[in-house]
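# Breakdown of the fold
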Amino acid sequence: KPEKSNALEGAAMDDAADSVFAQVTLTAAPHAKNCEVLRFSEEKLWTCGVDGRLACSSFEGETLGRNWAQRISKLSTETPTAAISSDGRLLAVAEDTDAGFQVWVHQLEKGRMNTSQKPRNAGRFTLPISHLSWHATLPYLCISTDDGKLDVWWETKTEESESKGTASRRQLLRGETHLGGVRCAAIDPQLELLAAAFTCGQLVVLTFPEGAEKHRSNLWPKAVSESDNLRLAWQPNGQRLALPGSPSLRLLPRNFGEIVELKGGHRYSTTMAAWSPSGDVLASASFEAVALWSDDCLRRIFEFKAQPTSFAWSGSFLAVGAEGGHIARLSATIESCNEAEKPQEEEESGSADAPVDHQQAESQADVVQDEPQEPLIFKPAVQGKFQPGGTRRGRRRLLAWNDHGCLKLVISSSGKQRVVEVKYFKCQDPTSGRELKADGVEIGALGPGLCALASPSHVVVHLASLGTFWTQSSFEHHLPGEHIEAVAISRSFVAIFVAPFRLLRLFTPSFIPLGVLAMPMDILSMVACNHLLFCVFQARAKRDLRLHFSLFDVEKQEKLSSGRLPLSRQSTLRWIGFSADAQGPQPLALDSAGILRALIQNDEWVMSVTPQSWVPVAELDGDCKLWPVWAENGVLRYMEVRPGEEPKVAAQRLTTVNYKLPVSLDGLDADKASGALLKHFLSSKKIQRDSMVRLFEEHVKLKDQEVALDIARCYLGGHKSMKSLKSLVQSAEKAGLNDLALRLEALTDLTDLTDLGTKKRKLGATTA
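Predicted model, so just to flag it, every value in this text is computed and none were measured.

Basis of the calculations
Residues numbered from 1 in each chain as written. Predicted model: local features only at pLDDT ≥ 70, side-chain atom pairs only at ≥ 80, totals over all residues. Heavy atoms only, no water. Helix = DSSP H or I, 4+ residues; strand = E, 2+ residues; numbered from the N terminus. Buried < 20%, exposed > 50% of the residue type's maximum accessible area, 1.4 Å probe, protein only. Contact = heavy atoms within 4.5 Å. Areas by Shrake-Rupley, 256 points an atom, 1.4 Å probe, with all protein chains shown as cover. Salt bridge = Lys/Arg side-chain N within 4 Å of Asp/Glu carboxyl O. Pairing = 2+ DSSP bridges. Axes fitted to C-alpha atoms, helices over the stretch in contact; angles between N-to-C directions. pLDDT = per-residue confidence, 0-100. Phe/Tyr/Trp six-rings, centres within 6.5 Å; stacked < 30°, edge-to-face > 60°. Lys NZ or Arg CZ within 6 Å of the ring centre and 35° of its normal.

The subject of this paragraph is the overall build of the protein chain. Helix and strand content of the protein chain: ten helices and 53 strands. With 768 residues in all, the protein chain has 55% of them scored as buried. The contacts in the protein chain between residues at least 6 apart in sequence include a share of 48% that link residues at least 24 apart. Surface exposure of the protein chain reaches about 35800 Å², of which carbon and sulfur atoms provide 48%.

Shown next, in the form of structure tokens:
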């Protein structure tokens, strides 16, 4: 019997979900009795049932029409265990044969199984296969069995290598008796971790392909193989793991820190979880309902009369398979409800507290709609940690790449051996380029003539060549009980950020302690140059997507600058670094929208123009075709890559793009410099709303009415908000600038949001 939460929690759920509760109309599936949803793509649905057939159906209005069916296994009383790869090219099926329980991988052509091609044997086992799951993007198949075995099979690239006996399957667990059977398993999207749930109630996370244990915890009560389905799910960026199995859905971070519990969506114990392809919506299922979450908040609850048994996402729609051979298609279109960025007046209207589910006409769900409004799919930007110049995927990847050289990590096909290839660009010593042993190395940093390689709790600094100061070629340091998350190195110091206590430890290259700083937020990335250390942080709360920075002078032991790091709307931070200019190192930041910003310090005329210390200096290609490497003397050097890909090697020939500050200090007085910078700042296409308001208020305080009016014009053209313009008028009246308030009211009267171009011409004539 499903586990039910206590009465108080159930009552709280009733109150919280009163406005988001909805009924669902189920549609008959093309199978008798139970069925499993395997894939959902472009209005087509692939399912399998107890009849042993793979069926393809299409949604036609409110009905589900059957296109074709094909037998994939023999007739049985249970639904066969099967899975289709993310690209729809491979079908894995578990079958009970006289020789044991086998897993076959079939080739699919246009959705159908190719019967002319012989299926490949992915493994033979003693006890039944409990679960099959594919990697989110790659042809890696995870096989779980009732006797505790956990295997990963991947597709061999060519037929020749397969005929030579090249292994395409790795056994991570051989069946430990105290763990019991494997209920389900999920492969990390970054292909580094594998999470498995066992019948003993334990969650075990292993590294791939080594199979080393990374994490273990007791999360569920003991179960038997015939228990309800349990399906784990990794977030598409690999940062969190959704853990069903209790009335509250639990989210485990990648660093195995504090678990976040999502409450209020279910009365009974959850059984499944699945993230949308964009990672912005999380679906969970229990005995009686399916709940949709976004931003760690409950958005919608769909009540089911039959227990949901399988999920499949397609864009913003979710296909749900239920007991009794039923199918439902749910719309997961959700309006943004980020309270941290909502003005106070919008919260009073109730829009932040009323989640919206915009069902389309062909939806199968019979739900009570909110008042019609323009649908908006909320796709928040997901920011991940990174090392500047480093890549994340592949057995040959870059740990660091900058003006000093490159670090390349090479992992053997077995995954047991790791070697780091070091190459220095500016070192004349021919022995500087060499290979280093890198057991367990995950992070690397490169400096002038030295590099740092870090495993989870161990750091080694290697020198390119011995000089008059150094007496040995390498130094190492252990940090027991701490997990290294970021490393930066310069000629005079090594910076290490460790979790879970969020400490920034500073050492000399020979690991003589220089100091320890306690940070209020989690590290995102950091880079060093000469005596400077540039760090970027992000708040642990997932609602707060804002980034913060700190610039330290390690030699003087002081903080030079700190504050908000501005980003373009709906963008993420791609790269940070220093520009080696004649005036000294200057911090740079590049976001995914292609805006390159420079940190301006100790310039009073700059701070008088804009409250931000970050000034846009260039607008590059924003579709991630540019892979920045380093910058010097107003030139950014980068490598051209395809969208969504990473460079495989550190190319010697790089493309360059020039950038510069909008004004130069030489030959300009403060008034002309301020005017030029203001013009550049206002013309930036990616200016943020809150920055514009603060800029207006700063010039109102300075009684600079003409500049404040120019800012209001730019704000009017960029944001089209009558309510915000009225707030600017109120700010001018409070400051005693009645003339400015009257001119702003004239702008407000001329504003027509339906014909903005015509009104701008009138606005220019009135101002003249």
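Now that the structure is up, let's keep going.
This part covers the pattern of salt bridges. One pass over the full model with this rule turns up 16 salt bridges. The residue Asp-151 makes a salt bridge to Arg-169 at a minimum N-O spacing of 2.4 Å. Here Asp-151, found in strand β14 (residues 149-154), pairs with Arg-169, found in strand β15 (residues 169-174); they are 18 residues apart in sequence, far enough to count as distant. Each of Asp-87, Arg-89, Arg-120 and Glu-155 takes part in salt bridges that share partners, so that together they form one network.

The four strands lie next to each other as β16-β17-β18-β19, forming an open sheet whose pairing is antiparallel. Looking at strand neighbours, the two that pair on one side only are β16 (182-187) and β19 (213-218), the edges of this open sheet. Along the sheet, successive strands turn relative to each other by an average axial angle of 15 degrees, direction set aside. Direction of pairing for strand β18 (residues 202-207) relative to β19: antiparallel, over a ladder of five bridges. The partner of Gln-202 across the bridge, within β19, is Asn-218.

Moving on, we come to the pairing of strand β51 (residues 626-632). Most of β51 sits inside the fold, with six of its seven residues counted as buried. Examined bridge by bridge, strand β47 (residues 573-581) and β51 share two bridges and lie parallel to one another. Note on β51: the bridge partner recorded for Ala-580 is Glu-632. Pairing of β51 with strand β52 (residues 635-640), which is carried by six bridges, proceeds in the antiparallel orientation. Its bridge partner lying in β52, Trp-627 is registered against Met-639. Linking β51 back to β52 in an antiparallel pair, the connection comprises two residues, with Asn-633 at a positive phi of about 50 degrees.

Moving on to the confidence of the model for the protein chain. Across the protein chain, pLDDT averages 77, with 73% of residues at or above 70. Across residues 603-612, confidence stays below pLDDT 50; counting only partners more than four residues off in sequence or on other chains, it has 28 contacts. Confidence drops under pLDDT 50 across residues 663-674; counting only partners more than four residues distant or on other chains, this segment forms twelve contacts.

Tracing the backbone through its elements, the reader meets Gly-65 in strand β6 (residues 63-71). As for Gly-65 and Leu-45, which are separated by 20 residues in sequence, their C-alpha atoms are 9.9 Å apart. Those residues in contact with Gly-65 that lie beyond four places of it in its chain are Ser-57 and Ser-58.

Once that is clear, we can look at the pairing of strand β49 (residues 595-599). Among the five residues that make up β49, five are buried, leaving the element largely enclosed by the rest of the structure. Residues of β49 alternate between two faces, with Ile-595, Arg-597 and Leu-599 on one and Leu-596 and Ala-598 on the opposite face, all of them buried. Note that strand β48 (residues 584-591) and β49 share three bridges and pair antiparallel. Paired with Ala-589 across the strands is Arg-597, a residue of β49. In textbook terms, the turn of a hairpin is the stretch between consecutive antiparallel strands, and for β48 and β49 this stretch comprises three residues, one of which, Gly-594, has a positive phi near 90 degrees.

With that settled, the discussion passes to the environment of Arg-637. Checked against the element boundaries, Arg-637 lands in strand β52. The exposure class assigned to Arg-637 is partly exposed, which follows from its relative accessible area of 25%. It is 9.3 Å that separates the C-alpha atoms of Arg-637 and Asp-403, two residues lying 234 residues apart in sequence. Among residues more than four places away in sequence, those in contact with Arg-637 are Pro-628, Val-629, Trp-630, Glu-632, Leu-654, Thr-655 and Thr-656.

Another aspect to go through is unusual backbone geometry. The omega torsion of the bond from Phe-208 to Pro-209 falls at 10 degrees, within 30 degrees of zero and hence cis. Take Pro-209: it is sitting in the loop between β18 and β19. Cis geometry is adopted by the peptide bond preceding Pro-500, which originates at Ala-499 and carries an omega value of 5 degrees. With respect to the secondary-structure elements, Pro-500 resides in the loop between β40 (494-499) and β41 (503-507). Of note, the phi angle at Lys-110 is positive, near 55 degrees, even though the residue is not glycine. Tracing the backbone shows Lys-110 in the loop between β9 (100-109) and β10 (112-113). Of note in this structure, Arg-502 is not a glycine but carries a positive phi near 55 degrees. Note that Arg-502 resides in the loop between β40 and β41.

This brings us to the sheet that holds strand β28 (residues 308-314). The strand order β2-β30-β29-β28 describes an open sheet built from four strands, whose pairing is antiparallel. Each edge of the sheet is formed by a strand with only one pairing partner; in this case those strands are β2 (27-28) and β28. When β2 meets strand β30 (residues 326-331), the two strands line up antiparallel, connected through two bridges. Looking at the pairing, Thr-27 lines up with Ile-327 of β30.

The next point concerns the packing of aromatic side chains. Inspection of every chain in the model, using the stated rule, returns twelve aromatic pairs. Taken together, a centroid distance of 6.3 Å and an interplanar angle of 55 degrees make the contact between Phe-497 and Phe-537 tilted. A residue pair is termed long-range when its members are at least 10 positions apart, and Phe-497 in strand β40 and Phe-537 in strand β44 (residues 532-538) qualify at 40 residues. In this structure Phe-497 comes out as buried when scored by relative accessible area, which is 0%. For the pair Phe-534 and Phe-578, a centre-to-centre distance of 6.3 Å together with 75 degrees between the ring planes defines the contact as edge-to-face. Of this pair, Phe-534 sits in strand β44 while Phe-578 sits in strand β47, placing them 44 residues apart in sequence. Look at Phe-534 and you get buried, because its relative accessible area is 0%. Here a set of aromatic residues connected by ring pairs shows up, and it is made of Phe-534, Phe-549, Phe-578 and Trp-614. The side chain of Arg-39 reaches across the aromatic face of Trp-46, ending 5.4 Å from its centre. We note Arg-329 situated over the ring of Phe-317; from NZ or CZ to the ring centre the distance is 5.2 Å.

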